Structure formats: C-alpha cells, structure tokens
Amino acid sequence: MLLSKMAAEGGGKEMNEIKTQFTTREGLYKLLSHSEYSRPNRVPFNSQGSNPVRVSFVNVNDQSGNGDRLCFNVGRELYFYIYKGVRKAADLSKPIDKRIYKGTQPTCHDFNHLTATAESVSLLVGFSAGQVQLIDPIKKETSKLFNEERLIDKSRVTCVKWVPGSESLFLVAHSSGNMYLYNVEHTCGTTVPHYQLLKQGESFAVHTCKSKSTRNPLLKWTVGEGALNEFAFSPDGKFLACVSQDGFLRVFNFDSVELHGTMKSYFGGLLCVCWSPDGKYIVTGGEDDLVTVWSFVDCRVIARGHGHKSWVSVVAFDPYTTSVEESDPMEFSGSDEDFQDLHFGRDRANSTQSRLSKRNSTDSRPVSVTYRFGSVGQDTQLCLWDLTEDILFPHQPLSRARTHTNVMNATSPPAGSGGTNPGSNGNSITTPGNSVPPPLPRSNSLPHSAVSNAGSKSSVMDGAIASGVSKFATLSLHDRKERHHEKDHKRNHSMGHISSKSSDKLNLVTKTKTDPAKTLGTPLCPRMEDVPLLEPLICKKIAHERLTVLIFLEDCIVTACQEGFICTWARPGKVGLLSSQNQANSPSGTVV
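Cut-offs used in this document
Within any chain, residue numbers begin from 1 and follow the written order of that chain's sequence. Where local features are concerned, this predicted model is filtered to residues with pLDDT of at least 70; where side-chain atom pairs are given and counted, the filter is 80 or more; whole-chain, interface and lining totals use all residues. By convention in this description, side-chain values take in all heavy atoms of the structure and omit both hydrogens and water. Here a salt bridge means any side-chain nitrogen of Lys or Arg lying within 4 Å of a carboxyl oxygen belonging to Asp or Glu. In DSSP terms, a helix is any run of H or I states spanning at least four residues, a strand is any run of E spanning at least two, and both are numbered starting from the N terminus. Only protein chains enter the area calculation, which uses a 1.4 Å probe; residues under 20% of their type maximum are buried, those over 50% are exposed, and those in between are partly exposed. Two strands pair if DSSP finds at least two bridges between them. In this analysis, axes come from line fits to C-alpha atoms, helices being fitted only over the stretch in contact, and the angle between any two N-to-C directions falls in the range 0 to 180 degrees. What is meant by a nonpolar core is a set of buried Ala, Val, Leu, Ile, Met, Phe, Trp, Tyr and Cys residues, joined one to another through side-chain atoms within 4.5 Å. Pairs of residues are marked as contacts when any of their non-hydrogen atoms sit within 4.5 Å. UniProt positions are given in the numbering used here, feature names are shortened, and annotations may be inferred rather than shown by experiment. We call Phe, Tyr and Trp rings a pair once their centres come within 6.5 Å, taking the six-membered ring for Trp, and we label the pair stacked below 30 degrees between planes, edge-to-face above 60, and tilted otherwise. Charge-over-ring contacts are defined here by two conditions on Lys NZ or Arg CZ: a distance within 6 Å of the ring centre and an angle within 35 degrees of the ring normal.

By the definition in use, this model includes 14 salt bridges. Among the ionic pairs, Glu-77 bridges to Arg-39, the shortest N-O distance being 3.5 Å. Remark: Arg-39 occurs in the loop between β2 (27–31) and β3 (55–59) and Glu-77 occurs in strand β5 (residues 77–82); sequence separation between them is 38 residues. Measuring nitrogen to oxygen at the nearest pair gives 2.9 Å for the salt bridge that ties Arg-250 to Asp-246. Like Asp-246, Arg-250 is buried.

In this sheet, β2 lies alongside strand β1 (residues 21–24) in antiparallel orientation, the contact comprising 4 bridges. When the sheet's bridge partners are listed, Thr-23 is paired in β2 with Leu-28. Sheet analysis places β2 next to strand β35 (residues 566–570), joined by 2 bridges and oriented antiparallel. Bridged to Leu-31 within β35 is Trp-569.

Another aspect to go through is the pairing of strand β11 (residues 157–162). With 6 of 6 residues buried, β11 lies mostly within the body of the structure. Pairing of β11 with strand β12 (residues 169–174), which is carried by 5 bridges, proceeds in the antiparallel orientation. Within β12, the residue paired with Trp-162 across the bridge is Phe-170. What sits between β11 and β12 in their antiparallel hairpin is a turn of 6 residues, with Gly-165 showing a positive phi close to 80°.

Turning to the sheet that holds strand β14 (residues 194–201), a few remarks are in order. Taken in spatial order, the 6 strands line up as β11-β12-β13-β16-β15-β14 in an open sheet, and their pairing is antiparallel. Because the sheet does not close on itself, it has two edges, and the strands there are β11 and β14. Averaged over all neighbouring strand pairs, the angle between strand axes comes to 20°, with direction disregarded. In the sheet, β12 pairs with strand β13 (residues 178–183) via 5 bridges, with the strands oriented antiparallel. Each residue of the ladder has a partner; that of Leu-169, found in β13, is Asn-183.

On to the nonpolar core. Soluble globular proteins tend to bury their nonpolar side chains together. By size, the foremost hydrophobic cluster in this structure holds 24 residues, and its most contacted members are Tyr-37, Val-55, Phe-57, Leu-70, Phe-72, Tyr-83 and Val-558. Elements with a contribution of two residues or more to this core: β3, β4 (68–74), β5, β33 (547–552), β34 (556–561) and β35. Formed by 21 residues, the second largest nonpolar core is a distinct cluster that contains Leu-171, Val-223, Phe-231 and Leu-240.

As a further point, take the environment of Leu-533. One can find Leu-533 in strand β31 (residues 533–534). Along the chain, Leu-533 and His-306 lie 227 residues apart, while their C-alpha atoms are 7.0 Å from each other. When residues no more than four places from it in sequence are discounted, the contact partners of Leu-533 are Arg-304, Gly-305, His-306 and Met-528.

Further remarks concern the sheet that holds strand β24 (residues 300–306). Judged by pairing direction, the sheet is mixed, and its 5 strands sit side by side in the order β21-β22-β23-β24-β31 without closing on themselves. Edge strands, defined here as strands with exactly one partner in the open sheet, are β21 (270–275) and β31. Pairing geometry for β24 and β31, over 2 bridges, is parallel. Across the sheet, Gly-305 pairs through a bridge with Leu-534, a residue of β31.

A word on the UniProt feature "repeat: WD" (unreviewed entry) in the chain. Under the feature "repeat: WD" (unreviewed entry), the UniProt entry names residues 263–295. The distance from the first to the last C-alpha atom of residues 263–295 is 10 Å, and the span holds 0% helix and 61% strand.

In this chain, Asn-216 is followed by Pro-217 through a cis amide linkage whose omega measures -5°. Note on placement: Pro-217 falls in the loop between β15 (204–210) and β16 (219–223). Backbone geometry places Asn-147, a non-glycine residue, at a positive phi of 55°. With respect to the element layout, Asn-147 can be found in the loop between β10 (141–146) and β11. We classify Asn-147 as buried; its relative accessible area is 2%. Although it is not a glycine, Ser-203 adopts a positive phi angle of roughly 65°. Tracing the backbone through its elements, the reader meets Ser-203 in the loop between β14 and β15.

The next point concerns the packing of aromatic side chains. Taken as a whole and judged by the stated rule, the model has 25 aromatic pairs. Between the aromatic rings of Phe-239 and Phe-296, the centroid separation amounts to 4.8 Å while the plane-to-plane angle is 75°, which identifies the pairing as edge-to-face. One end of the pair, Phe-239, is in strand β18 (residues 239–244); the other, Phe-296, is in the loop between β23 (290–295) and β24, and 57 residues separate them in sequence. With relative accessibility at 3%, the residue Phe-296 sits in the buried group. We note Lys-161 situated over the ring of Phe-231; from NZ or CZ to the ring centre the distance is 5.5 Å. Its end group placed over the ring of Phe-248, Lys-264 keeps NZ or CZ at 5.9 Å from the ring centre.

Encoded structure:
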C-alpha cells in the first residue's frame, strides 16, 4: 500500500519522462541498456500501419549455458538471435537467422518447446494475409506453408500456438473469428475445405473437415463475433481461454469441446488473456483500459484493475514473484512435489512449497499468498499488480492494516464451498451453488490433476483427432512465455460488431450477446462498484511507442514497443551479481 501510494504521488511531475528503473517490494528493477535487442542498425522502426512487434523465447538446452533463443518480428522482417539476458551484451551484428517477406507481414510466432534442440527448432509464424509458415531458423529451413492458397481463411492470423504436449498439433486464430486446428504432418488440400458440424453451443460452433483422406484443418472453431484476438491454453493444457472483439472471454474444455464459462468486458473488445500459474485465475485486458481478473473455479469476475490510460495490449502473470507469508510460526508437513510446477524464484521456495501443499480450510494459522501479474498498453505504460487474498476471499474477516491479509485456503473455494485439498487424491472442485455446475475438472499445474480426465475423454471426436488432441502432459511454466499476439482495432467497431460470417454460425449468436446494456450488472459483466478495484503496484512510462510485449523470465522482465526495441529489465539483485562476472566484456549495465 505504501509503495502504490508513493507511485501515485510521484507520477505527476515527470509523466513524459521514460523510466529506466522502478522499485517494488522485492527491490529495484533496472533497464539494461546493453541487453537491448532490435534490428541490427538500431534505428527506430517506422511503425505506422505495421503489425505489432512480438517476441517468442525458447530454450535449446545448449551446453554452453546460453540456451535461450529469441525471435521477434518488425514490419516485414523476422529475426532470430541468441538471447544473453542479463549476463552479456546483445550482439546484433550476428543474427542466427533473418528473413524479409514480400507482400505480407509476420504477425505472431511460437516455438515448440518439446522438440527444441541446439541443432533444430520448430517455429510457427503467422502472417497478415492468413498463411502459417513452419520454419527452422537454426537449420535455415522452411519446411512447410499452411493455408498457402488462402483457401482455409483469408484474414489475418492473430495468434498461433502449439498445442501443449504435442509435437505436431497447433492452433491458429484469425481476425475472421475462426480458429483452426492443424497437424504438421497433413496437407491442406487443393480445394476449399467442406465442414461437418461437430458441436455447437452458445456463441460457438466446432466443425470437422469432411474429406476422403485426412487433411488440414482437423477442426474449425467459430467463436463469438468479430476478430478472435488471442487465446491461451491453461497450464495443464486441458482448457482454452479465448478473447474476442465482441468483448467476451470464453473458456472451453479443449478435449470435449465444451464451454466452461464466459465473461464480458466493461466495454469494447478484449485484446489479451493469460492464466495464473496454477490455472485458478484468468486475467484479460482490452479496449476498456482495464485488466479484469476472472475466477476459473467460480466462473465470475473477482476484481478489475485500473491504471492504464489506453487499450491494454498484453497481460501476463509473473510465476517467479509469489509472496508467501505466515501469520504465525507453525510447521506444515507436506511434500515439495505437490507444488513442483510453481517456481517462486525465492530462497524460501522449498519451505513455502511444503506449506502450500498441505493447507486446507481447517488450518487455524493460515499463510498468505499473493499473485503478481503485469500489463502493458498503448499508453506506453507498464503496470504491475498484486492480487492479494483479501480480494480473492472477501468473505473472511480482514485486517486492513496488513498488505497481505490472512487466508483460509488458496487452493480451494471459500469456506463452506467444499473445495478439495490439493494434497489429497480428489480431482474435482465442488463450487458454490450459485456459480457453475459441480463437479468441475481441475485446471492447475499440480501433478495430481493430470489424471482427472484420463478415463473420461468425450466421444464427440473421431479417433484420430481425439488421440492427437488429448495427449496433454503437465507443462512447466516455460511453455507459456510467448503469450501475446496483438491486433488492429477501430474504436467505433468494438461493441455489437458482427462480421460477415458464413452459414457455419448457424444463427447461434446475436440474441443476447450484442446488447451491452443487457449484460452490464449481471454476473457476466458486474458494475464497477460491484467488484473490487485494484490499484497498480507500479505504473511507469517505459517507451515512446505503444507497448506490445511483456514476458516474465527468471532473471528479468522483457518488454518491447512498436519501434522494434526489445528491452531487458534485470530483477532485483540479478544485475550486480551477473554483470560483475562479465565485467571484462560487458558494458556497465544501466541508464539511470
């Protein structure tokens, strides 16, 4: 509270000055001038009319210890570099690979983390004209081009991601509002695909591709109205969160193709989405200048955050900054494996993992957990937010004097709702009666949750697709780095805009979804006064042009703006330790 108060007081004097450092409760974050990546000439890119700059990371487990690789697009160009992070200066004269495209621009990209090696990586690149390219920037190979003739979809690719746990399946979203599931082993055919309805529901329909031999796309999803701006898989790969230009967040069970829950923006389109590391919360950002926190278990908005002065382009959780506090010294028994997928990035990680793993609603002396997430926007500002448990569990008696209030159980619903202990072998969460039908499969990164759906795959898919789609492993958080894919927007276009769709929509939408007045004040879109309003921990102007990238790594935070500069912010304590080891061949480090 003190920090946010200081940030608010100091914000007025130098609003137009670009910050090169900021302080949070963990300490000082510093911009490393020598770790800035861009085009080799370092000239700011004229961004007018260009697609957003995007950044993707992959670790190739290089023996030298320099295993991180970085890919980014600027205008018609695509670059692939060794990323040296806080350790060494960036060498922009030697990109591993550089490509310049004619007639189309790269819009988004994603590495396959499962197959990456020091000799070969699989990189998917989406384009403004609708194609998707599979390339290997290490071997300098272009292996395949999907939707080459634009027979599947002619609109811009807004988001492309490998399906978690799969070496061959990937999902592509377009500004047409459609998503397509591809297999790299299959061709796209030489004719326009014919579709057969597989499943339909409120505001969505899923079709399979009718053909004598298996061809791409395996599935076509039609979701909402207007562009589908971004999607994100849950940490365990079982659920898919989509945000659209119609202002709706829709969360699907990816295997069974069923709608789990929805949420509506305060106004305008939703542009970005991310999951908490444990899969319990989803954060969205959009044209209402807000960040919105949605509970996966309760299927409801639990908080909004207001700090940006324009559209929010990227939201991301920081898995390395999780605060755990005990209200009273007490031993909690439990195994560290129960929480092995959450990386706290702190010295107390092992002990906090054990405490977290065995907490349940009967603990008399609970501990407190704080989620950290960040957002960047077209206002050139970076905001960091703390999601504390007085927000997550508002029904408990609170001590307002404490920043981190006590909580009964961060891994189950509020008292009385019958949540299952994560350490036990129960695999469902019973939710409060007024939210969603129980029981629900768990969507978090606990090892136990991987078995919850193993024996109950839905029969709606044919065998080939089901076997491919449902091979999900519990993923580490590193597979979620390349989250963010942006879009073109028109202010007057966001509410109630219905794009010209084919008959595939089957008249599923248009009745209750297009009138914002009918959703405001309902659980879909609570009024501002009905949910807690978060204030940012910090809110700093860090660029001249709109920000398009925010990625949390273990040693640093990576941001990028539309001028084509990718910036590295060293976490507290990381810059002095590592730069001193490389003082001989590294510049001093910060610009203050």
